Amino acid sequence: MKKKWNLDGPDGNIKYWHDLRKEPRSFFSRQSGDGSVMVWAAFGFNGQVGLAFLDGRQNSPKYIEILENHLMPFAENIAGQNWEYQHDNAPTHTSSATKNYLNSKNVTVLVWPPMSPDLNPIENVWGFMSRKVYENGEQFYSVNALKTSIESAWYNLESEILQTLIMSMEKRVYDVLLKNEKTLNY
């Protein structure tokens, strides 16, 4: 899944992930110099893929290239283990080219109903990372500095966090069914 990271702070300071146990912080945007970085990442019970920094508008060929260069090497390391790939119903994910590619690689894709709540645990990971990247109201003056901070947050994630998120999936789905597919507080 992908996420946009801004030099001035999370989501352009319109909204941001924060620890609900702490007071929200105020952020200020600079007058000059806007910038952002788009990142794709995935993880499994036994680790994380290498981050992919994305350029330009994404389409099926670019997504397939990301899968080939980042997901498939990760999948080779867990060969023989039973796993499913989870992504949402974005057009680049559901295109026939992407489906054909994943089928050719024998990747089982978790069926994701349309208009479903976003239960992908990567969203929680983005929250953990945002707190690290933008800690103490951090703002960045270069894309490279932002990329370095994102990489540090990603590669220093504790495996227990990732494993706990994966283990929570069954309960998340069950809770959604109980609440008639309404939003949950995860």
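Parameters and conventions
- Residues numbered from 1 in each chain as written.
- Predicted model: local features only at pLDDT ≥ 70, side-chain atom pairs only at ≥ 80, totals over all residues.
- Heavy atoms only, no water.
- Axes fitted to C-alpha atoms, helices over the stretch in contact; angles between N-to-C directions.
- Helix = DSSP H or I, 4+ residues; strand = E, 2+ residues; numbered from the N terminus.
- Parallel < 35°, antiparallel > 145°, perpendicular 65-115°, else oblique.
- Left-handed = near helix turned anticlockwise from the far one by under 90°.
- Contact = heavy atoms within 4.5 Å.
- Nonpolar A, V, L, I, M, F, W, Y, C, P; charged D, E, K, R; others polar.
- Buried < 20%, exposed > 50% of the residue type's maximum accessible area, 1.4 Å probe, protein only.
- Arc of directions from axis to C-beta.

(A) A look at the packing of helix H4 (residues 122–133) against helix H5 (residues 143–155). Interhelical geometry of H4 versus H5 gives an angle of 125° and a closest axis separation of 9 Å. As the angle between them shows, H4 and H5 are arranged oblique. The handedness of the crossing between H4 and H5 is right-handed. Residues Ile122, Val125, Met129, Lys132 and Val133 of H4 lie in contact with H5, whose contacting residues are Leu146, Ser149, Ile150, Ala153 and Trp154. Residues belonging to the contact of H4 with H5 are distributed by class as follows: 8 nonpolar, 1 polar and 1 charged.

(B) Main features of helix H7 (residues 169–178). Of all the residues in H7, the buried ones are Met169, Arg172, Asp175 and Val176. The buried residues of H7 all sit within an arc of 125° when viewed along its axis, so they share a single face. In this structure, H7 carries Glu170, Lys171, Tyr174, Leu177 and Leu178 as exposed residues pointing more than 90 degrees from its buried face. On its buried face, H7 sits against H4 and helix H6 (159–167).

(C) Looking closely at the packing of helix H1 (residues 60–77) against helix H3 (residues 96–104). Where H1 contacts H3, the two axes come as close as 9 Å, and the packing angle between them is 25°. The angle between H1 and H3 falls in the class roughly parallel. For the pair H1 and H3, the sense of crossing is right-handed. Residues Ser60, Tyr63, Ile64, Leu67, Glu68 and Met72 of H1 touch H3, and the partners they reach there are Ala97, Thr98, Tyr101 and Leu102. For the contact of H1 with H3, the residue count by class is 7 nonpolar, 2 polar and 1 charged.

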